[in-house]
Amino acid sequence: MDHLVLTVIAPDQPGLVERVAQCIAAHGGNWLESRMSRMAGQFAGILRVAVPAEGYDELVEGLQGLAAHGIRVMLAESGIEPSCTWKPILLDLVGNDRPGIVRDITRLLSEQGVNVESLVTEVKPAPMSSEPLFHAEAVLAVPLTLSLDVLQKRLEALADDLMVELDLQSQAS
C-alpha cells in the first residue's frame with residue numbers, strides 16, 4: 001500500500017466530502033485520517049489515504065479531475081513517521097487579540113526545537129467587554145531533551161510581553 005496526504009479546498013457546499021470520498025473509494029483507496037473544517041465560506045481539509053500500488057496513478061488522476069467540480073486537491077506522498085523522541089504537551093493560550101501572537105509564540109517554540117502537531121485558533125468577543133479575544137489550543141511535540149520547566153519559563157516570559165495567559169499540560173499518551 002502506498003500512502004498519500006491530500007489537501008482539499010473548495011467553496012463550501014453539501015456533498016463535497018462525499019464527492020472526495022467517492023473518488024477515493026472508486027479507485028480502491030482507503031480514507032485513514034483527516035482534519036476538515038469550514039471557514040469563511042470555504043471548506044478545507046487534510047487527509048491521509050492508503051491506496052494499492054496498482055491503483056495509485058488512477059487515484060491521482062481521479063483526484064485531479066475533481067477540479068472540474070471546483071475542488072482543488074494537492075497531493076504529497078506520505079513521509080516516514082519519525083521515532084518518538086518527543087513528548088506531547090497541550091498549550092492553551094488566551095489574550096487580547098493583536099497581530100503577531102502566533103508568529104511570536106511559534107518563533108519561540110521553533111527556537112526550542114518544539115514542533116506544532118496541531119493548532120486551532122479563533123478570535124471571539126470577550127464576555128464582558130466584547131473586545132476581540134484571541135484563543136489558541138495546540139498539541140506540541142516537545143523534545144525529550146528539553147526540560148518542561150525551561151520551556152514553561154521561556155513561554156511565560158513571552159506571554160508577559162504579549163499580555164496573554166498560557167497553560168502547558170502533559171498529554172496522556
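Criteria and cut-off values
- Residues numbered from 1 in each chain as written.
- Predicted model: local features only at pLDDT ≥ 70, side-chain atom pairs only at ≥ 80, totals over all residues.
- Heavy atoms only, no water.
- Buried < 20%, exposed > 50% of the residue type's maximum accessible area, 1.4 Å probe, protein only.
- Helix = DSSP H or I, 4+ residues; strand = E, 2+ residues; numbered from the N terminus.
- Arc of directions from axis to C-beta.
- Contact = heavy atoms within 4.5 Å.
- Pairing = 2+ DSSP bridges.
- Axes fitted to C-alpha atoms, helices over the stretch in contact; angles between N-to-C directions.

(A) Main features of helix α3 (residues 101–111). Taken residue by residue, α3 has Ile 101, Asp 104, Ile 105, Leu 108 and Leu 109 as its buried positions. Viewed end-on, α3 has its buried residues packed into an arc of 130 degrees, placing them on one side of the element. Of the exposed residues in α3, those oriented more than 90 degrees away from the buried face are Arg 103, Ser 110 and Glu 111. Buried-residue contacts for α3 involve β5 (86–96), β6 (115–125), β7 (132–143), α4 (148–162) and β8 (164–170). Gly 113, located one to two residues past α3, shows a positive phi value of around 80 degrees.

(B) View of the environment of Leu 133. Summarising the element assignment, Leu 133 is placed in strand β7. On the basis of relative accessibility, which here comes to 24%, the residue Leu 133 falls in the partly exposed class. Between the alpha carbons of Leu 133 and Cys 84 there is a distance of 35 Å; along the sequence they are 49 residues apart. Here Leu 133 is in contact with Val 94, Gly 95, Asn 96, Asp 97, Glu 122, Val 123, Lys 124, Ala 126 and Pro 127, once residues within four sequence places are set aside.

(C) Local environment of the sheet that holds β8. The antiparallel open sheet is built from four strands, whose spatial order is β6-β7-β5-β8. The open sheet has two free edges, formed respectively by β6 and β8, since each of these has just one partner strand. For this sheet, the mean inter-axis angle between neighbouring strands, taken without regard to orientation, is 15 degrees. The pairing of β5 with β8 spans seven bridges and is antiparallel. Residue Leu 93 lies in a different strand from β8, and its bridge partner there is Leu 166. Relative to β8, α4 is tilted by about 165 degrees, and along the sheet it contacts β5, β7 and β8.

(D) Spatial organisation of the sheet that holds strand β3 (residues 42–51). Taken together, the four strands give an open sheet; going across it, the order is β2-β3-β1-β4, and neighbouring strands pair in antiparallel fashion. Each edge of the sheet is formed by a strand with only one pairing partner; in this case those strands are β2 (30–39) and β4 (72–77). Here the average twist between neighbouring strands, direction ignored, is 15 degrees. As judged from the nine bridges shared by β2 and β3, these two strands associate in the antiparallel manner. Each bridged residue has a counterpart across the sheet, and for Trp 31 the counterpart in β3 is Val 49. Across the sheet, helix α1 (residues 16–26) touches β1 (2–11), β2 and β3, and the angle it forms with β2 is around 160 degrees.

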